Amino acid sequence: MRKLAVGLALLLCTMAAQAQTARAPEIAPPSNGEDFMRLSSTEKLFWSIGYSQGYLDALNKIDVAAGPSSPCATLSARTERQTSTAGKVSGFELVSGLEKFYGDPANSLIPVGSAIRIYLLQASGKDQTTIQELIETARLLGAEAARRPATK
């Protein structure tokens, strides 16, 4: 019985030591279309929903931090109306729209945040000339960002 207790204690200590050395998986958001397209369908959906909720939460915190009648709160409300995905598209629609957008290889380096804003403008019926100008600008900025060395 004593050997069993010692063996069990040793097993538990070993398991505890391994649990402490095990690292959590490194989770990094997709930075551009190349990263986004590597995600599974479920990861794309969860990421899109999380992005939308986080974006809206951040805009709402401006109101709390600055006060409801401040210029910051007014800017936050206007920005939310123009750029938030909340209530405009579902998670599935956002994923589908991004997959279609990134289906064009020329868009692969465009940052995901820019792609979401472009997609929302397309979905809201913004004129095609403006959207194409935004896409061209985002392509240039994405290519510049890809040339810069990554910093950690």
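Residues numbered from 1 in each chain as written. Predicted model: local features only at pLDDT ≥ 70, side-chain atom pairs only at ≥ 80, totals over all residues. Heavy atoms only, no water.

(A) Examining the overall build of the protein more closely. Within the protein, the secondary structure is distributed over 7 helices and 0 strands. Counting from the amino terminus, helix and strand elements in the protein follow one another as α-α-α-α-α-α-α. Per-residue burial over the protein gives 26% buried out of 152 residues. Contacts spanning at least 24 positions in sequence make up 59% of the contacts within the protein whose residues lie at least 6 apart. Within the structure as shown, the protein displays about 10700 Å² of accessible surface, and the carbon and sulfur contribution to it stands at 61%. (Helix = DSSP H or I, 4+ residues; strand = E, 2+ residues; numbered from the N terminus. Buried < 20%, exposed > 50% of the residue type's maximum accessible area, 1.4 Å probe, protein only. Contact = heavy atoms within 4.5 Å. Areas by Shrake-Rupley, 256 points an atom, 1.4 Å probe, with all protein chains shown as cover.)

(B) A look at the pattern of salt bridges. Scanning the model with the defined rule gives 4 salt bridges in all. When the shortest N-O distance is used, the salt bridge between Asp35 and Arg38 registers 3.0 Å. Taken as a pair, Asp35 and Arg38 lie in helix 2 (residues 33-38) at a separation of 3 residues, close to a single helical turn. Accessibility expressed as a relative area gives 63% for Arg38, which makes it exposed. Ionic pairing is found between Glu99 and Lys44, a salt bridge with its closest N-O pair at 2.9 Å. Of this pair, Glu99 sits in helix 5 (residues 91-102) while Lys44 is found in helix 3 (residues 41-66), placing the two residues 55 residues apart along the sequence. When its relative accessible area of 29% is taken as the criterion, Glu99 is described as partly exposed. Taken together, the shared-partner salt bridges in this structure form one network comprising Asp104, Glu136 and Arg139. (Salt bridge = Lys/Arg side-chain N within 4 Å of Asp/Glu carboxyl O.)

(C) Looking closely at the packing of aromatic side chains. According to the stated counting rule, one finds 4 aromatic pairs in the structure shown. Chaining the aromatic ring pairs together yields one cluster made of Phe36, Trp47, Tyr51, Phe101 and Tyr102. (Phe/Tyr/Trp six-rings, centres within 6.5 Å; stacked < 30°, edge-to-face > 60°.)

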